[in-house]
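This is what each chain is made of:
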Amino acid sequence: MNTPATTLNMALFPLPYRVVWWLVFAVLSMPLAWLVNLGLNDGLGANPIEFINRFLGDWALRMILVSLAATPLKILFGWRWPVRVRRMLGLWAFTYVALHITNYVVVDNFFAWDDIWKDIVKRNFITVGMVAFTIITSLAATSWNGAIKRMGSKSWRRLHKLVYVAAALGSLHYIWMVKADLLLPLVHSTILAVLLAIRVYAHITRPA
Ligand code: HEM
């Protein structure tokens, strides 16, 4: 049976699209709300700048992975609602990345552009982070309907496939930054590899 256009098929609980949209929005805003709560309650530890930078970096990468999970969830379980809220997922990912970088530029380096430039050129993990940021920004800037019309859906889709490159560079940024305990960076990279593998498998086995 077809699901009405205004509801999202969430198996047991068919909910109106707007409700699902706001629920997902609220869930993705929680890490940010938690960070604000920690800030207001003296919970940022001995080095608050580093804490905020790492917290936002972690959530930036997680949000990219969440936005990449939409299509695999549809492939695996037939869920359509993650695909319908995917634009919002991507914009949250961009928000966390932008806040991570803003914290680095404004709070950590206080607009010392020379030092920031030296970092970008000399430290490999910052260089790849910057490339990932450039890609994510161009995807966010073209995420509106008018951009799809102007670019044509074929080139728009080709551009937006770069999200996988951004995710891979974000993971590499994490791996290169962490010198000792590689467990968490590798967990993130493995999730990315699984999400990509599901899409590739579905593409290869798609009936001609
Ligand atoms: C898509 C882009 C990016 C993602 C997904 C990302 C993600 C991350 C992650 C996961 C971490 C490690 C957090 C932890 O240790 O728990 C991190 C750390 C960091 N990132 Fe990013 N990042 C991105 C771009 C950038 C850019 C462009 C810069 C600077 C221009 C930057 C600067 C840093 C710094 C300075 C650290 C912490 C280094 C330290 O504490 O020693 N990141 N980032």
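It should be noted that the structure appears before, not after, this text.
I will try to describe carefully the structure that is included in this document. (Residues numbered from 1 in each chain as written. Predicted model: local features only at pLDDT ≥ 70, side-chain atom pairs only at ≥ 80, totals over all residues.)

This part takes up the overall build of the protein. A count of helical and extended segments in the protein gives 11 helices and 2 strands. Its C-alpha atoms give the protein a radius of gyration of 19 Å, within 12% of the compact-globule value 17 Å for 208 residues. In terms of principal-axis extent, the alpha carbons of the protein reach across some 60 × 40 × 35 Å. Relative to its full complement of 208 residues, the protein shows a buried share of 20%. Residue pairs in contact within the protein that sit at least 24 positions apart in sequence constitute 62% of those at least 6 positions apart. (Helix = DSSP H or I, 4+ residues; strand = E, 2+ residues; numbered from the N terminus. Rg over C-alpha atoms; globule rule 2.2 N^0.38 Å. Buried ≥ 20, exposed ≤ 12 C-beta atoms within 10 Å, placed from the backbone. Contact = placed C-beta atoms within 7 Å.)

Turning next to the site of the ligand. Around the ligand, the structure places 23 residues, and the nearest of them are Arg54, Gly57, Gly129, Ala132 and Gly170. Breaking the shell around the ligand down by element, the ones donating at least two residues are helix H2 (48-68), helix H5 (86-108), helix H7 (124-141) and helix H10 (163-177). Among the elements that make up the shell around the ligand, the one with the highest residue count is H2 (8 residues). Of the residues that constitute the shell around the ligand, the class distribution is 14 nonpolar, 6 polar and 3 charged. (Near = placed C-beta within 6 Å. Nonpolar A, V, L, I, M, F, W, Y, C, P; charged D, E, K, R; others polar.)

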